[in-house]
Protein chains: 2
Amino acid sequence: MRDTMLDERTKRVLYAVVESYIEKPEPVGSRYIMKKYGFDVCSATIRNIMSDLEDAGFLSQPHTSAGRVPTDRAYRFYVDYIFHKALLSQSQEIKKIIESLTKKLRKLRNNMDSLFLEATQSLSQATRYLGLTLLPATEKTALHRVDFIKFKEDLVIAVVVNDKGIVKNKIIKAYPEITQKDLNSLADFVNQNYHGKTIDEIRVDMMIRLKKEKLFWDKLISKILKMCQEALNFSREDVYVSGFYHIMHLPDFSDIEKLREVAKTIQDRHLLLKLFENISEDEDMKVIIGQENPVEEFRSFSIIASPYKEKDKSLGVIALVGPKRMNYQRAIMLVNAFARSLTRTLSD
Amino acid sequence: MRDTMLDERTKRVLYAVVESYIEKPEPVGSRYIMKKYGFDVCSATIRNIMSDLEDAGFLSQPHTSAGRVPTDRAYRFYVDYIFHKALLSQSQEIKKIIESLTKKLRKLRNNMDSLFLEATQSLSQATRYLGLTLLPATEKTALHRVDFIKFKEDLVIAVVVNDKGIVKNKIIKAYPEITQKDLNSLADFVNQNYHGKTIDEIRVDMMIRLKKEKLFWDKLISKILKMCQEALNFSREDVYVSGFYHIMHLPDFSDIEKLREVAKTIQDRHLLLKLFENISEDEDMKVIIGQENPVEEFRSFSIIASPYKEKDKSLGVIALVGPKRMNYQRAIMLVNAFARSLTRTLSD
DNA sequence: CATTAGCACTTAAATAAGAGGAGTGCTAAA
DNA sequence: TTTAGCACTCCTCTTATTTAAGTGCTAATG
């Protein structure tokens, strides 16, 4: 049964159950709903509706004589229902948080690492959930400058500074005969020709240009080219995480096992990045609920994520991980506001 | 009462109680001790001894009619007792672990970040406790090369590569009139004069030299000097942490509050560094038990730490955080072996 | 005088039984 | 279709009882 198949009253009941359960993590009864939400029907009617909702997979019962608990499907319905309203509204409290954040970010705008760290920490602080930020991919950002530094006999350290002031480095094997002077020339060449281009563009263009000029067939150049390509091949790997201790004492996780899985995932950059794979940077804000998440370790949680941009170019994602039973309204408002604040700071 | 005041038999009992409690986290009774450790006296005698040990602050009772539990003082006695033996002995299992570790480290010896990460993770993996590694302080390592990169109007990014191949960068305010060319000259100057010196030495020497040559009074030079000093002023900040999820399901922390404190501490670089302040890098291996730890958040834990070196110069510390009720014998052996493996890898 | 046997005493933990209560599902009537 | 009414289910809380582990004390022992 699709949401759209539910009649208006049924939807109201479903909404009420989810909201109640979010407020207090206890199975919700028919009488409670009736009174609290002022339904003009008796509890038995609500009971029938709830029974229908259970058949349709929106609610479940811990045991026969207990109230009902929302399933992931119910949360999905709930979130779809409040989503647009949440995106548009903004409470006084949140305005204050964002004002203070924007001020802080503005001050850090020359130090990207601190800036993203601050955003992650503030988000976690404001929500008491787990904050995550995926940093801009180095290959997508514009080159400010590159340096190649000879290190020991056969190693070269490539230091890349992008237009955000983020410094990345990579150690690569090189040929012992290359001198620091050669490396300087190479760096000069790259800097002069490619300043302002993205790393991706550079790698492509470099290949094309050298092919065209037939330099490709020169063995030495070919070697250097290969090295250069490798030096500029960064794998995306930077994610900031903050606030694990906040989600540690949510009643939802009194069973420690789910928390352990998260702790393990946080530790494992690989898994963490996998989490972001499913959040396209081009889409707008996204809410992933429980089982919807392809990353197994996060199936007990919900994730709210939004890309942040520079002008119109998407750079990365800021996200929130909390219990499925989270305050979606507030969380959506906050993640949205945080992404916009980041975008504003990065755009001017 | 000092340990030395205890007679031989009393010591044996104390040792037995601690060992038993480490094996199984349940209050230890007199009869159990008597039978398991083959004492040739009756349980009442053991009982008397245990009562004495309680008066002396080595044991405590959860309630009147329960067995005894070791206090921090008892753990201290126990660790002092086994310490030297543990340092010297080495099981077959540990030999294997270390062999495999050393192989891995050797492969990573050109990439310090990965090397220390690997060591931290392996330590945590081998012990199922929390692994920590304090990285070499930038100021104590020798300069390989420095670059100054102009970024936007009034910023300079200083990129420092040390002799370990670790790249650090720092964004500092500069004077708009400084050109990239000026910065190149400055970098050349530093590189030519100070290659191989430690950052600390450089900062001191720079000051002395400029004073001597009266250049100190030249306003421009003075400005640049100030900038350079700032650029080379790195605060120590790199700690690797691994394996929080391991300590999450120890029976010792079924009460989640203690774990939360650790989670918070891990998140907070500041606190984490404070932890290492009390572990001198010049001393040898150190065991810190519970209340002995100046960092409040770790008072429910024990820490085993050992410096690792390059030749004879101490570079940093590798440490293990586990429950007070940890397998000290094995943990001490492992931390010691890990530190030695690191030292060996870094020294040749 | 240290050690022991013996026993009363303490306490937590496990078990059982019962009361209370929230909430359901069903039926028959409105 | 909705409602009132009621039997029924199952959890939770309380209280009591038992069990078992282990102590502390006392008086006897070598």
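Presented here is an overview of the structure given in this document. Every value quoted in this text rests on a predicted model; they were computed, and no experiment measured them. (Residues numbered from 1 in each chain as written. Chains lettered and ligands numbered in written order. Predicted model: local features only at pLDDT ≥ 70, side-chain atom pairs only at ≥ 80, totals over all residues. Heavy atoms only, no water.)

## Overview of the overall build of chain A
Tallying secondary structure elements over chain A gives 13 helices and ten strands in all. For 348 residues, the compact-globule formula gives about 20 Å, and the C-alpha radius of gyration of chain A, at 26 Å, lies well above that figure. Summarising its shape, the C-alpha atoms of chain A cover approximately 85 × 35 × 35 Å along the three principal directions. Buried residues in chain A amount to 51% of all 348 residues. Pairs at least 24 apart in sequence give 62% of the contacts found in chain A among residues at least 6 apart. Approximately 16,500 Å² of chain A is accessible, and the part contributed by carbon and sulfur atoms is 49%. Of the charged side chains in chain A, 55 are positive and 48 negative; the average position of the first set lies 3 Å away from that of the second. (Helix = DSSP H or I, 4+ residues; strand = E, 2+ residues; numbered from the N terminus. Rg over C-alpha atoms; globule rule 2.2 N^0.38 Å. Buried < 20%, exposed > 50% of the residue type's maximum accessible area, 1.4 Å probe, protein only. Contact = heavy atoms within 4.5 Å. Areas by Shrake-Rupley, 256 points an atom, 1.4 Å probe, with all protein chains shown as cover. Lys, Arg positive; Asp, Glu negative; His and termini not counted. Charge placed at Lys NZ, Arg CZ, Asp CG, Glu CD.)

## Here we look at the sheet that holds strand S7 (residues 239-242) of chain A
Residues and elements named next belong to chain A. With antiparallel pairing, the five strands of this open sheet are ordered in space as S7-S3-S10-S9-S8. This sheet does not close on itself; its edge strands, each paired only once, are S7 and strand S8 (286-289). Each strand of the sheet is rotated relative to its neighbour by a mean of 15°, with strand direction disregarded. The sheet contact formed by strand S9 (residues 301-310) and strand S10 (residues 313-323) spans ten bridges and is antiparallel. Bridge assignment links proline 307 to a residue of S10, and that residue is valine 317. Packing against the sheet, helix H13 (residues 328-347) makes contact with S8, S9 and S10, and its axis sits at approximately 20° to S9. (Pairing = 2+ DSSP bridges. Axes fitted to C-alpha atoms, helices over the stretch in contact; angles between N-to-C directions.)

## Thoughts on the protein's contact with DNA strand D
Taken together, 20 residues form the shell around DNA strand D, and within it Arg9(A), Cys42(A), Thr45(A), Ser65(A) and Ser30(B) come nearest. Take the atoms of DNA strand D that sit within 4 Å of the protein: sugar and phosphate atoms are 79% of them. Within the side chain of Thr45(A), an N or O atom sits 2.4 Å from a phosphate oxygen of DNA strand D. Gln61(B) places a polar side-chain atom, nitrogen or oxygen, 3.5 Å from a sugar or linking oxygen of DNA strand D. Considering every element that reaches the surface near DNA strand D, the biggest residue donor is helix H3 (residues 43-55) of chain A, with three residues. Considering only residue class, the surface near DNA strand D consists of four nonpolar, eleven polar and five charged. (Near = heavy atom within 4 Å. Polar contact = N/O pair within 3.5 Å; in protein donor to acceptor, adjacent residues only side chain to side chain. Nonpolar A, V, L, I, M, F, W, Y, C, P; charged D, E, K, R; others polar.)

## Concerning the sheet that holds strand S6 (residues 167-173) of chain A
Residues and elements named next belong to chain A. The three strands are arranged S4-S5-S6 in an open sheet whose pairing can be described as antiparallel. Bordering the open sheet on either side are strand S4 (143-151) and S6, each of which pairs with just one other strand. For this sheet, the mean inter-axis angle between neighbouring strands, taken without regard to orientation, is 20°. In this sheet, S6 lies alongside strand S5 (residues 155-162) in antiparallel orientation, the contact comprising seven bridges. Counted as the bridge partner of valine 156 is isoleucine 172 from S6. Strands S4 and S5 of the sheet are contacted by helix H7 (residues 180-194), whose axis makes an angle of about 170° with S4.

## Notes on the packing of aromatic side chains
Residue and element names in this part refer to chain A. Across all of its chains, the model carries 19 aromatic pairs over all chains by this definition. Relative to phenylalanine 301, the ring of phenylalanine 253 lies with its centre 4.6 Å away and its plane at 20°, an arrangement referred to as stacked. With phenylalanine 253 in the loop between helix H10 (244-247) and helix H11 (256-267) and phenylalanine 301 in strand S9, this pair connects stretches of sequence that are 48 residues apart. One exposure class covers both phenylalanine 253 and phenylalanine 301, and it is buried. One aromatic cluster in this structure is built from Tyr15, Tyr75, Phe77, Tyr78, Tyr81 and Tyr328. The cationic tip of arginine 73 hangs over the ring face of phenylalanine 58; the distance from NZ or CZ to the ring centre is 4.8 Å. (Phe/Tyr/Trp six-rings, centres within 6.5 Å; stacked < 30°, edge-to-face > 60°. Lys NZ or Arg CZ within 6 Å of the ring centre and 35° of its normal.)

## Considerations on the interface of chain B and chain A
Contacts between the two partners involve 36 residues from chain B, matched on the other side by 36 residues from chain A. Taken together, the links from chain B to chain A amount to zero salt bridges. For the side of chain B that touches chain A, a count of residues per class yields 15 nonpolar, 13 polar and eight charged. (Salt bridge = Lys/Arg side-chain N within 4 Å of Asp/Glu carboxyl O.)

## Points about the protein's contact with DNA strand C
Surrounding DNA strand C, one finds 20 residues, the nearest of these being Ser30(A), Arg9(B), Cys42(B), Thr45(B) and Ser65(B). By atom count, sugar and phosphate contribute 76% of the portion of DNA strand C lying within 4 Å of the protein. Arg9(B) places a side-chain nitrogen or oxygen 2.9 Å from a phosphate oxygen of DNA strand C. At 2.5 Å from a phosphate oxygen of DNA strand C is found a side-chain nitrogen or oxygen belonging to Thr45(B). Within the residue set of the surface near DNA strand C, elements represented by two or more residues are H3 of chain A together with helix H3 (43-55) of chain B. Looking at which element gives the most residues to the surface near DNA strand C, the answer is H3(B), with three residues. Considering only residue class, the surface near DNA strand C consists of four nonpolar, eleven polar and five charged.

## Looking at the side chain of Glu310(A)
Residues and elements named next belong to chain A. Its place among the elements puts glutamate 310 in strand S9. Here the side chain of glutamate 310 touches lysine 164 through a polar contact of 2.9 Å, side chain to side chain. Sequence-distant contacts of glutamate 310, defined by excluding residues within four places in its chain, comprise Lys164, Leu315, Leu346 and Ser347.

## Some remarks on the nonpolar core
Phe244(A), Ile304(A), Tyr328(A), Ile332(A), Phe244(B), Ile304(B) and Tyr328(B) are the most contacted members of the largest nonpolar core, which totals 185 residues. Other than its neighbours up to four places away in sequence, Ile304(A) contacts Met285(A), Lys286(A), Val287(A), Ile318(A), Ala319(A), Leu320(A), Met326(A), Tyr328(A), Ala331(A), Ile332(A) and Val335(A). (Core = buried A, V, L, I, M, F, W, Y, C linked by side-chain atoms within 4.5 Å.)

## Points about unusual backbone geometry
One non-glycine residue with positive phi stands out, namely Arg128(A), at about 65°. Tracing the backbone shows Arg128(A) in the loop between helix H6 (112-127) and strand S3 (130-134). Note on Arg128(A): relative accessible area 47%, which makes it partly exposed. Non-glycine residue Lys152(B) carries a positive phi angle of around 55°. Tracing the chain through its elements places Lys152(B) in the loop between strand S4 (143-151) and strand S5 (155-162).

## Thoughts on the relation of the copies chain B and chain A
With an RMSD of 0.1 Å, chain B superimposes on chain A once it is rotated by 180° and translated 0.1 Å along the axis. What the rotation and shift describe, once combined, is the action of a two-fold rotation axis. Of all interface residues in chain B, 100% are interface residues in chain A too; the two copies therefore contact each other through one and the same surface. (Least-squares fit on C-alpha atoms with pLDDT ≥ 70 in both.)

## Structural notes on helix H4 (residues 72-88) of chain B
Note: α-helices contain 3.6 residues per turn, so residues at a spacing of three or four share the same orientation. All names here are of chain B. In a regular helix each residue adds 1.5 Å, so 17 residues correspond to 24 Å; H4 covers 24 Å between its end C-alpha atoms and thus fits that length. The principal kink in H4, of about 45°, is found at isoleucine 82. Along H4, the positions that sit buried rather than exposed are Asp72, Ala74, Tyr75, Phe77, Tyr78, Val79, Ile82, Phe83 and Ala86. Against helix H1 (8-23), strand S2 (69-70), strand S8 (286-289) and helix H13 (328-347) lie the buried residues of H4. (Expected span 1.5 Å × (residues − 1). Bend = angle between axes of the 7 residues up to and from the residue.)

## A look at the pattern of salt bridges
It is possible for side chains of opposite charge to pair when their charged atoms get near one another. Scanning the model with the defined rule gives 34 salt bridges over all chains in all. For Asp154(B), the salt bridge goes to Lys173(B), with nearest N and O atoms at 3.4 Å. Of this pair, Asp154(B) sits in the loop between S4 and S5 while Lys173(B) sits in strand S6 (residues 167-173); the two residues are 19 residues apart in sequence, bridging distant segments of the chain. Residue classification places Asp154(B) among the partly exposed positions, given a relative accessible area of 24%. Judged by relative accessible area, Lys173(B) falls into the exposed class, the value being 55%. It is possible to trace a salt-bridge network through shared partners that takes in Arg76(A), Asp80(A) and Glu292(A).

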